[in-house]
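Each chain, written out:
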Amino acid sequence: MLKLSDILVSNQDIASFDELIPLVQAVAHSGERFFRMDVKPPYPDTPENWEDRLEAAFSGLIR
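Reference entry: report on the structure contained in this document. Keep in mind that this is a model prediction, so the values were computed, not measured.

Structural notes on the overall build of the protein
Inference 1: Counting secondary structure elements, the protein contains three helices and two strands.
Inference 2: Beginning at the N terminus, the succession of helices and strands in the protein can be written as β-α-α-β-α.
Inference 3: The C-alpha radius of gyration of the protein comes to 11 Å, within 12% of the 11 Å expected for a compact globule of 63 residues.
Inference 4: Seen through its C-alpha atoms, the protein measures out along the principal axes to roughly 30 × 20 × 20 Å.
Inference 5: Here the protein holds 63 residues, and 37% of them are scored as buried.
Inference 6: Taking as baseline every contact in the protein between residues at least 6 positions apart, the subset at least 24 positions apart corresponds to 68%.
Inference 7: When the accessible surface of the protein is summed, it comes to about 4200 Å², and 48% of that surface belongs to carbon and sulfur atoms.
Inference 8: Seen as two clouds, the 6 positive and the 11 negative side-chain charges of the protein have centres 7 Å apart.

With respect to the environment of glutamine 12
Inference 1: Note that glutamine 12 resides in the loop between α1 (4–10) and α2 (17–29).
Inference 2: With relative accessibility at 64%, the residue glutamine 12 sits in the exposed group.
Inference 3: The spacing of glutamine 12 and tryptophan 50 is 38 residues in sequence and 18 Å in space, taken between C-alpha atoms.
Inference 4: Only 3.3 Å separates the side chain of glutamine 12 from the backbone oxygen of valine 9, close enough to count as a polar contact.

Describing the pattern of salt bridges
Inference 1: In this structure the tally under the stated criterion is one salt bridge.
Inference 2: A salt bridge links arginine 53 to aspartate 18, with the nearest nitrogen and oxygen atoms 3.8 Å apart. Highlighted residues: arginine 53 in helix α3 (residues 50–59) and aspartate 18 in helix α2, separated in sequence by 35 residues.
Inference 3: On the accessibility criterion, arginine 53 (28% relative accessible area) is partly exposed.

Digging into the packing of aromatic side chains
Inference 1: Overall, the coordinates contain one aromatic pair when judged by the stated rule.
Inference 2: Taken together, a centroid distance of 5.1 Å and an interplanar angle of 20 degrees make the contact between phenylalanine 35 and phenylalanine 58 stacked. Taken as a pair, phenylalanine 35 in strand β2 (residues 35–36) and phenylalanine 58 in helix α3 lie far apart in primary sequence, 23 residues in all.

Analysis parameters
- Residues numbered from 1 in each chain as written.
- Predicted model: local features only at pLDDT ≥ 70, side-chain atom pairs only at ≥ 80, totals over all residues.
- Heavy atoms only, no water.
- Helix = DSSP H or I, 4+ residues; strand = E, 2+ residues; numbered from the N terminus.
- Rg over C-alpha atoms; globule rule 2.2 N^0.38 Å.
- Buried < 20%, exposed > 50% of the residue type's maximum accessible area, 1.4 Å probe, protein only.
- Contact = heavy atoms within 4.5 Å.
- Areas by Shrake-Rupley, 256 points an atom, 1.4 Å probe, with all protein chains shown as cover.
- Lys, Arg positive; Asp, Glu negative; His and termini not counted.
- Charge placed at Lys NZ, Arg CZ, Asp CG, Glu CD.
- Polar contact = N/O pair within 3.5 Å; in protein donor to acceptor, adjacent residues only side chain to side chain.
- Salt bridge = Lys/Arg side-chain N within 4 Å of Asp/Glu carboxyl O.
- Phe/Tyr/Trp six-rings, centres within 6.5 Å; stacked < 30°, edge-to-face > 60°.

Pasting the structure below:
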């Protein structure tokens, strides 16, 4: 199971929510089947609907 906190810890060099989306997509394409959003992204540009956007990125609805 992919956890958002694991992505954030492994990629501390990213500075915005928009940089996070491609990372979630890359991990999803690597064969991960489940995604858990266990923390809120700490970026100032994190939108109100961040959970929906990350889920869409993971499931392939955003390209």
